[in-house]
Amino acid sequence: MQAVFQLSGFQFNAEEGDVLKVPKQKVQSGNSFDIEEILLLKDKDTTMIGTPIVAGAKIEAELLGGGRDDKVIVYKFKRRTKYRLTRGHRQDYSEIKIKKIVSPA
């Protein structure tokens, strides 16, 4: 079973057993949590599309850990003014494992 879900303003596509890198979550490492903003569920022969979410559907996930992504360099430049600005940014992330996708029917 496949699912498209929304978490922290981003949409992800997942199946059971997948490990995903998502924005940092406020859950302790090793704990389970539920994701209830399911936008689409797809089984072998049926597809449920939410308006905007599928009522009664949820995903059971486990937080494996977290860390910081690679550095992204932001470089600003304006010509003829000696304006050059370099900044770096590292985004925090969490790794989650999709344990189970629960269908409403």
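Cut-offs used in this document
Residues numbered from 1 in each chain as written. Predicted model: local features only at pLDDT ≥ 70, side-chain atom pairs only at ≥ 80, totals over all residues. Heavy atoms only, no water. Phe/Tyr/Trp six-rings, centres within 6.5 Å; stacked < 30°, edge-to-face > 60°. Lys NZ or Arg CZ within 6 Å of the ring centre and 35° of its normal. Pairing = 2+ DSSP bridges. Helix = DSSP H or I, 4+ residues; strand = E, 2+ residues; numbered from the N terminus. Axes fitted to C-alpha atoms, helices over the stretch in contact; angles between N-to-C directions. Salt bridge = Lys/Arg side-chain N within 4 Å of Asp/Glu carboxyl O. Buried < 20%, exposed > 50% of the residue type's maximum accessible area, 1.4 Å probe, protein only.

Colleague: Please explain the packing of aromatic side chains as it appears in this structure.
Modeller: Centre distance and the angle of the planes are the two values used to describe a pair of aromatic rings. Per the stated rule, a full pass over the model turns up one aromatic pair. Against the face of Tyr93 rests Lys21, its NZ or CZ located 4.5 Å from the ring centre.

Colleague: Honestly, the sheet that holds strand β2 (residues 10–15) in this entry has me stumped. Any pointers?
Modeller: The strands making up a sheet associate through hydrogen bonds between their backbones, and the pairing can be parallel or antiparallel. Pairing in this open sheet of four strands is antiparallel, and the strands run β2-β1-β5-β6 from one edge to the other. Each of the sheet's edge strands pairs with one partner strand only, and the pair in question is β2 and β6 (47–49). Shown here is a sheet whose adjacent strand axes are inclined to one another by a mean of 15°, direction ignored.

Colleague: Honestly, the sheet that holds strand β3 (residues 19–23) in this entry has me stumped. Any pointers?
Modeller: Strands sit in the order β3-β10-β7-β4 across an open sheet of four strands; the sheet is antiparallel. Among the strands making up the open sheet, the edge pair consists of β3 and β4 (32–35). Direction aside, neighbouring strands of the sheet carry axes that sit 45° apart on average. Two strands pair when backbone bridges link them, and β4 and strand β7 (residues 58–68) are joined in this way by four bridges, in the antiparallel orientation. When the sheet's bridge partners are listed, Ile35 is paired in β7 with Ile59.

Colleague: Sorry, what's going on with the pattern of salt bridges here?
Modeller: Under the defined criterion, the tally for this structure stands at three salt bridges. Between Asp69 and Lys21 there is a salt bridge, with its nearest N and O atoms 3.1 Å apart. Remark: Lys21 occurs in strand β3 and Asp69 occurs in the loop between β7 and β8 (72–78); sequence separation between them is 48 residues. On the basis of relative accessibility, which here comes to 29%, the residue Asp69 falls in the partly exposed class. Salt-bridge contacts for Lys58 lead to Asp34; the nearest nitrogen and oxygen are separated by 3.5 Å. Remark: Asp34 occurs in strand β4 and Lys58 occurs in strand β7; sequence separation between them is 24 residues.

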